Amino acid sequence: MAETITIEVARYRPEQEGEPTFQSYEVPFSKDWVVLDALNYIKDHLDGSLSFRWSCRMGVCGSCGMTVNGEPKLTCATFLSHYSPGPIRVEPLQNFPVVRDLVIEMTDFLEKLQSVKPWIVRKDDPAPAEGEFLQTPEELDEFKQFSMCINCMICYAACPVYGLDPQFIGPAAIALAQRYNLDSRDQGEQERLDVLSQHEGIWGCTFVGECTEVCPKNVDPAGAIQQYKLAATKDWFKSFLMPWSKP
Amino acid sequence: MKPSTAYRQYHPKWHRTRVSTLWWSRKWSYLKFMLRELSSVFVAFYVVILLLQLHALRGGPEAYLEFQQWLENPLLVILNGIGFLFVLFHAVTWFNLAPKAMVVRLRGRRLPDVLVAAPNYAAWLAVSALIVFLLLREG
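Analysis parameters
Residues numbered from 1 in each chain as written. Chains lettered and ligands numbered in written order. Predicted model: local features only at pLDDT ≥ 70, side-chain atom pairs only at ≥ 80, totals over all residues. Helix = DSSP H or I, 4+ residues; strand = E, 2+ residues; numbered from the N terminus. Buried ≥ 20, exposed ≤ 12 C-beta atoms within 10 Å, placed from the backbone. Contact = placed C-beta atoms within 7 Å. Core = buried A, V, L, I, M, F, W, Y, C linked by C-beta atoms within 7 Å. Axes fitted to C-alpha atoms, helices over the stretch in contact; angles between N-to-C directions. Parallel < 35°, antiparallel > 145°, perpendicular 65-115°, else oblique. Left-handed = near helix turned anticlockwise from the far one by under 90°. Nonpolar A, V, L, I, M, F, W, Y, C, P; charged D, E, K, R; others polar. Arc of directions from axis to C-beta. Pairing = 2+ DSSP bridges. Expected span 1.5 Å × (residues − 1).

Q: Is there a simple way to think about the overall build of chain A in this case?
A: When you go through chain A residue by residue, the secondary structure sums to nine helices and seven strands. Counting the 247 residues in chain A, one finds 42% classified as buried. Long-range contacts, defined here as pairs at least 24 residues apart, represent 66% of the contacts in chain A between residues at least 6 apart.

Set out below in structure tokens:
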């Protein structure tokens, strides 16, 4: 018989149990299989009732974030061989309410993301016929790292501040705010600062730095937040010392 | 979670887990963060010692001698030793934060983190060397 590995999956079926339980499955072990492949094998061959989110299987869509052996991971990029001989424990992302099995409720994140206006804000808003906004490679380089975020919420699962205080706006939303602030085509910095300079914004961050450690796309949200703090402080000093200067 | 969530009304019960009070003991990186936060207590401890030292200095040579003898108390020596390690840790984490908070660009390229942190360490070394020099010269 071919080699197998045990996957312990957190199950939560609200219509039949009040607390999540674990269910073990034996799946074939293959060195080129990721955790998501194992979950799909369970779904297809062993237990069709298992619920989990996934889409692209290639680290682009950000749907398949789960807790693998205690660490928040993109399951499409986490190889079984890394945990061989197992068992591998798969749980939903931490710090979010669980809807069912491995599916978490993400509305809170989506509302926070929207609140920082992660799009190009223009005061003049010229018509498309007037031409595109030009940008040099150097200007692109300023924000490119932060634009790699795929909204997978792994940083939220790793952030103890978000876990303890769900009001905290969180790493990815701030990194994406910074992505647009640093964009030469954008004029919405002040509007975002109004949201982010509140206590639940950048100042809620105590710089644990774990968001940056776990980010599968090397976005460095912790860096974005500290840079934002520095910019907000400079802004405050400027308006304090020179109240006549407009932000 | 805002009550505005569209499908909440007919939705099955969500399961929420509370963050345990001992969350920081789960992982080395979380523990490191807590130790870093704790290090500020020892920074404050050093400030208090410095203030007491200044107070003793103002009280004249006898008061200062008494202060020095008080410092030789084994309990204080141990506390100072632990405090030194914490303050060292505090300084290192603070310097390592610099490249995170500051993006330095030279000719359009971002300077690597090591080069942003390095001047902090260099300044630290220079000040320490100056203090050692002053102390040895006195001796």
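Q: Is there a simple way to explain the nonpolar core in this structure?
A: Side chains of a nonpolar character, in soluble globular proteins, are inclined to be buried together. Residues and elements named next belong to chain A. Within the largest apolar cluster, 67 residues are counted, with the highest numbers of intra-cluster contacts made by Ile7, Val35, Val90, Ile154, Cys155, Ile174 and Leu176. Among the elements that make up this core, the one with the highest residue count is helix α6 (residues 171-181) (seven residues). With sequence-adjacent residues up to four places away left out, Ile174 is seen in contact with Ile169, Leu196, Ile202, Pro221, Ala224, Ile225 and Tyr228.

Q: How should unusual backbone geometry be read in this particular structure?
A: Across residues other than glycine, the phi torsion is negative in most instances, and most of the peptide bonds are trans. All names here are of chain A. In the segment running from Ser84 into Pro85, the intervening peptide bond is cis, with an omega of 5°. Locating Pro85 in the fold gives a position in the loop between β4 (71-74) and β5 (88-91). Omega for the bond connecting Gly86 with Pro87 falls within 30 degrees of zero, at -5°, which places this linkage in the cis form. At Asp101, a residue that is not glycine, the phi angle is positive and equals roughly 45°. Even without glycine at this site, Met153 takes up a positive phi of about 70°.

Q: I keep staring at the packing of α6 of chain A against helix α9 (residues 221-241) of chain A and nothing clicks. Help me out?
A: Packed helices, taken two at a time, are described by the angle between their axes plus the distance between the axes. Residue and element names in this part refer to chain A. Here α6 crosses α9 at 60°, and the two axes come no closer than 8 Å. Considering their axes alone, α6 and α9 lie oblique with respect to each other. Regarding α6 and α9, the two cross each other, and that crossing is left-handed. Contacts between α6 and α9 involve Pro171, Ala172, Ile174, Ala175 and Gln178 from the first element and Pro221, Ala222, Ala224, Ile225, Gln227 and Tyr228 from the second. Each residue belonging to the contact of α6 with α9 can be placed in one class, and the counts come to nine nonpolar, two polar and no charged.

Q: Quick question: what am I supposed to make of helix α7 (residues 189-196) of chain A here?
A: Since there are 3.6 residues in each turn of an α-helix, residues three or four apart along the chain are aligned in direction. All names here are of chain A. All of the buried residues along α7 are Arg192, Leu193 and Leu196. Projected down its long axis, α7 shows its buried positions confined to an angular sector of 105°, all on one face. Those residues of α7 that are buried are in contact with α6 and α9.

Q: What exactly am I supposed to notice about the sheet that holds strand β1 (residues 4-11) of chain A here?
A: Two orientations exist for strands paired in a sheet by backbone hydrogen bonds: parallel and antiparallel. Residues and elements named next belong to chain A. Pairing within the open sheet is mixed, and its five strands lie in the order β2-β1-β5-β3-β4. With partners counted over all chains shown, the strands left at the sheet margins are β2 (21-28) and β4, one partner each. The average angle at which neighbouring strand axes cross in this sheet is 35°, direction not considered. Relative to the sheet, helix α1 (residues 35-46) contacts β1, β2, β3 (65-68) and β5, its axis offset from that of β2 by approximately 95°.

Q: So what exactly am I meant to see when it comes to the environment of Glu105 of chain A here?
A: Within the secondary structure, Glu105 of chain A is located in the loop between β7 (103-104) and α2 (107-115). Once the C-alpha coordinates of Glu105 of chain A and Leu93 of chain A are considered, the two residues, twelve residues apart in sequence, prove to be 9.8 Å apart. Setting aside residues up to four positions removed in sequence, Glu105 of chain A forms contacts with Phe96, Pro97 and Val99 of chain A together with Trp14 of chain B.

Q: What should I look at first to understand the interface of chain B and chain A in this one?
A: Interfaces are often sized by the accessible area lost when the parts come together. Counting residues at the interface gives 19 residues for chain B, matched by 25 residues for chain A. For the side of chain B that touches chain A, the secondary-structure elements that each account for two or more residues are α1 (28-58) and α3 (74-101) of chain B. Its residues placed into classes, the side of chain B that touches chain A shows eleven nonpolar, four polar and four charged.

Q: Would you explain α3 of chain B in this entry?
A: Under the 1.5 Å per step criterion, the end-to-end length of α3 of chain B is 40 Å for 28 residues, consistent within 8% with the ideal 40 Å. Among the residues of α3 of chain B, those classed as buried are Phe86, Pro99 and Lys100 of chain B.

Q: Got a minute to help me understand the pairing of β5 of chain A in this structure?
A: When a strand is regular, its side chains alternate between the sheet's two faces. Residue and element names in this part refer to chain A. Of the pairings in the sheet, the one linking β1 to β5 comprises three bridges and is parallel in character. Looking at the pairing, Ile7 lines up with Ile88 of β5. The sheet contact formed by β3 and β5 spans two bridges and is antiparallel. Paired with Thr67 across the bridge in β5 is Glu91.

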